[in-house]
Amino acid sequence: MAEVVFKDIVKSFGSFTAVHGLNLTIAEGEFVSLLGPSGCGKTTTLRMLAGLDFPTSGSISIGNRVVNDVAPGERDIAMVFQSYALYPHMTVYDNIAYPLKKRGVRKADRAPMVQKTADLLQLTELLRRKPRQLSGGQQQRVALGRALVRDPKVFLLDEPLSNLDAKLRGYMRVELVELHRRLGRTMVYVTHDQLEAMTMSDRIAVMEGGKLQQFAPPNEVYREPANRFVAGFIGTPAMNLIDGTLANEAGAWRFASPGITLTCPPLTDDAVSGPACLGVRPEDVLLGEGPIRGQVQVVEQTGHENIVVVKIADGIRLTGRAGADHVWRPGETIQCAVDVSKAHVFAAGPSGQRLNRPLTKDQPRLAKEGA
Amino acid sequence: MSTVRRTPLERQYALIGSLLIAPTVLIFCAVIVYPLVSAVYLSLFQVFTPTLEGSWVGLENYRTLLGKNEFWSSLWTNIVWTVGTLTLQIICGVGMALVLHQNIWFRSIARSLILFPYFVSTVVAVLVWKWVFNDLYGILNHLMIVAGLIDFPVDYLGSMPNAMISVILVGAWKYFPFVVIAVLARLQTIPDALYEAARIDGAGPIASFWDVTLPQLREVLVVIIMLRAIWDFKEFDLIYLLTGGGPVTSTQTLPLLVYKEAFKLNQMGMASAYAVVMMAIMLVFMVIYIRRTRSEDDT
Ligand SMILES: Nc1ncnc2c1ncn2[C@@H]1O[C@H](COP(=O)(O)OP(=O)(O)O)[C@@H](O)[C@H]1O
Ligand SMILES: [Mg+2]
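Residues numbered from 1 in each chain as written. Chains lettered and ligands numbered in written order. Predicted model: local features only at pLDDT ≥ 70, side-chain atom pairs only at ≥ 80, totals over all residues. Heavy atoms only, no water.

Draft legend 1. Quick peek at the sheet that holds strand E16 (residues 305–313) of chain A. Residues and elements named next belong to chain A. Pairing is antiparallel in the open sheet, where 4 strands are placed in the order E17-E16-E15-E18. At either margin of the open sheet sits one strand with a lone partner, and together these are strand E17 (316–323) and strand E18 (333–338). Across this sheet, the average inter-strand angle for adjacent strands is 50°, counted without regard to direction. (Pairing = 2+ DSSP bridges. Helix = DSSP H or I, 4+ residues; strand = E, 2+ residues; numbered from the N terminus. Axes fitted to C-alpha atoms, helices over the stretch in contact; angles between N-to-C directions.)

Draft legend 2. Broad picture of the confidence of the model for chain B. All names here are of chain B. Mean pLDDT over chain B stands at 87; residues scoring 70 or higher make up 97%. Helix H9 (residues 192–200) holds the highest mean pLDDT among the elements of chain B, 94, whereas helix H13 (residues 268–298) holds the lowest, 81. Model confidence for the complex: the whole-complex pTM is 0.80, and ipTM, which rates the interface, is 0.84. (pLDDT = per-residue confidence, 0-100.)

Draft legend 3. Structural view of the domain arrangement of chain B. Residue and element names in this part refer to chain B. Here chain B is described as being made up of domain 1 (8–56) and domain 2 (69–298). Relative placement of domain 1 and domain 2: their C-alpha centres are 32 Å apart. Between domain 1 and domain 2, the residue contacts involve 12 residues of the former and 10 residues of the latter. Summing both partners gives a buried area of about 810 Å² for domain 1 against domain 2, and 67% of it is carried by carbon and sulfur. Looking at the side of domain 1 facing domain 2, the largest losses of area belong to Ser43, Val47 and Thr49, adding up to 47% of the total buried there. At the boundary of domain 1 and domain 2, one finds 0 salt bridges. The tally of links between domain 1 and domain 2 comes to 1 residue pair in polar contact (both at pLDDT 80 or more). Taken together, the elements giving at least two residues each to the side of domain 1 that touches domain 2 come down to helix H1 (8–42) and strand E1 (45–48). (Domains from an automatic or database assignment. Contact = heavy atoms within 4.5 Å. Buried area = accessible area lost by both parts, 1.4 Å probe. Salt bridge = Lys/Arg side-chain N within 4 Å of Asp/Glu carboxyl O. Polar contact = N/O pair within 3.5 Å; in protein donor to acceptor, adjacent residues only side chain to side chain.)

Draft legend 4. Fine view of the environment of B:Phe119. Residue and element names in this part refer to chain B. You can see Phe119 is positioned in helix H5 (residues 116–119). For Phe119, a relative accessible area of 62% translates into the label exposed. Distance in space between the C-alpha atoms of Phe119 and Ile200 is 42 Å, their sequence separation being 81 residues. (Buried < 20%, exposed > 50% of the residue type's maximum accessible area, 1.4 Å probe, protein only.)

Draft legend 5. A look at the interface of chain A and chain B. Residue-level contacts link 24 residues of chain A with 16 residues of chain B. Approximately 1600 Å² of surface area, both sides summed, lies buried where chain A meets chain B, with 58% of it carried by carbon and sulfur atoms. Where chain A packs against chain B, one counts 3 salt bridges. Here B:Asp201 and A:Arg146 are joined by a salt bridge, their closest N and O atoms 3.7 Å apart. The interface formed by chain A and chain B includes 10 residue pairs in polar contact (both at pLDDT 80 or more). Those elements that provide at least two residues to the side of chain A that touches chain B are helix H1 (42–50), strand E6 (77–80) and helix H2 (92–102) of chain A.

Draft legend 6. Molecular detail of the environment of B:Ala207. Tracing the chain through its elements places B:Ala207 in helix H10 (residues 205–233). In this structure B:Ala207 comes out as buried when scored by relative accessible area, which is 17%. Beyond its immediate sequence surroundings of up to four residues, B:Ala207 is in contact with A:Tyr98, A:Lys102 and B:Val212.

Draft legend 7. Focus on empty space enclosed by the protein. Under the definition given, this model contains 1 cavity of 30 Å³ or more. By volume, the largest cavity amounts to about 50 Å³. Along the walls of the largest cavity sit A:Ala78, A:Met79, A:Phe81, A:Arg146, A:Ala147, A:Arg150, B:Ala197, B:Ile200 and B:Asp201, which together make up its complete lining. Counting only elements with at least two residues in the lining of the largest cavity, the list comes to E6 and helix H4 (136–148) of chain A together with H9 of chain B. Looking at the lining of the largest cavity residue by residue, the class counts come to 6 nonpolar, no polar and 3 charged. (1 Å grid on protein atoms, 1.4 Å probe; cavity = no way out; pocket = protein on both sides within 12 Å on 5 of 7 lines; lining within 4 Å. Points joined across faces, edges and corners; volume = space filled by probe spheres on them. Nonpolar A, V, L, I, M, F, W, Y, C, P; charged D, E, K, R; others polar.)

Shown next as structure tokens:
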């Protein structure tokens, strides 16, 4: 069993609290990403799990064993550092063999283990080299090798891909997912890159300001963000978040803001009349026809699509995605609509809760509506 | 290279460049090249120091020197002193640097205080140490008698091997701060992540010293040892002031011998020959040092 449980974890540095009462249970064999903006406490959380930092209060357990007082070397974890932290004077072989050596594995037994790891990561040709003679991607693989070689219960990775170029990053993402599938080990992966978290994880723990915002599988985080922060953080281009007011008209909730009025999708009982926020993903904005009238402000061409920013009222903009074939011109007047069935409604405030009823499988798709 | 035609602008830059380095080159010639050449020149004469007049003897000075017992014994003394004091400097320096690298509350004060022996003038330092070591009224003898370690005062500077040990100790005390500062500077650049990786890999404090700290210190230690070896080898004032080379000649190193020949025996030619030989010996260190730094640049 290698279930990882954070229970009421608080971490303070002097008067500053970096992690506020974190509760998180990571299942055995799961790939979990800690995702959040820089400074939100991801690294601190990971370091507490590694035993490099100590929680101010709360307990951490790995496989039913509370590890608060267990030294890092005895937690049966391995960590890949953002800077790789390879021993510069040792060869690749010695780097990978080091954790085995320190655990008293005999020299003769080490060789086949290192060889196997090197084969897995395509490092066989490089075993005699020193770290400084390797490219960033190769160093990254050596760091992975050092973690893999002794088959720990839990792998901890702190932004391991952030020093690689975009192409290599894409390649390593696939490699890591493949590795996780093959090893079936628990992996805790820290990143600020939502693309990495979305593509690799079984579940994502979204953090902000030292607090856990949502812990759910990627598609759920995307489709049912728990609150306004998660909604705005996940997805590029970001979700349109429009402040307005909510009012109950004959049993149906209506949302109104300058330029947009619509009937909301089914809301929970927490919904109250008053200020609220409407969230619409750019792909749920339909450009070209519909009741909302606006003016094209900016068009970003990415090659395979165009991202169109439409001004629908003073200070209110809608970002939509359109196919690459139709080029909208800035200044042009445009009609658009919102796919209400996929719209989100959040309570007022920067981290207002999502008020939509949970999605059911066969929820009827509502017609386009607006204005 | 010479076939490349220079544009007027390039020629102008070259001219400005030459003008800018000219003062340095002139000063370098005046203070380094001239004394060097004149030392070699003087070593070929028999010269009377006060008048600086003498007659050409060719390599006679060198022949005499190599056959002289005093030269070989001074060379040996020089090596004993250099190796002894350098070893102590390195051990104490590295040890102290490791202590000061820890997160202890008096760290910042200690880091400044540690520099004290290095900053204090040699004359002042030697006066204090002479008082400490004095066999009649020295505090060291007093304390050791009070503590019951010895029954009679020990002559620390006037007998062997005490004199050599004292000189080596004072040398180590005076120069170990240099090692502390250089090693400390290097220690601070070792990334924390390396120590953390070692902890996760299962290394304890001792293993992480051997496997992380020491390998990182290796290069800076080579440089420190080379520099300090050169500086200790030619050390004059500390030994001269502390023992004057005595008792008799037992702590007389080559620099003291050069001084004696030049200003006590008034044999400037002979002294120059000693100095040239000393320089040749130090050249060996220099070459190793330069090779070492160059090979670091290459990798
Ligand atoms: N050793 C420390 N001392 C004081 N503050 C720290 C320390 N380590 C981290 N912090 C603070 O804790 C917060 C979270 O840091 P961290 O976990 O590194 O964030 P990230 O999510 O970017 O990895 C940051 O505001 C950081 O400044
Ligand atoms: Mg971080």
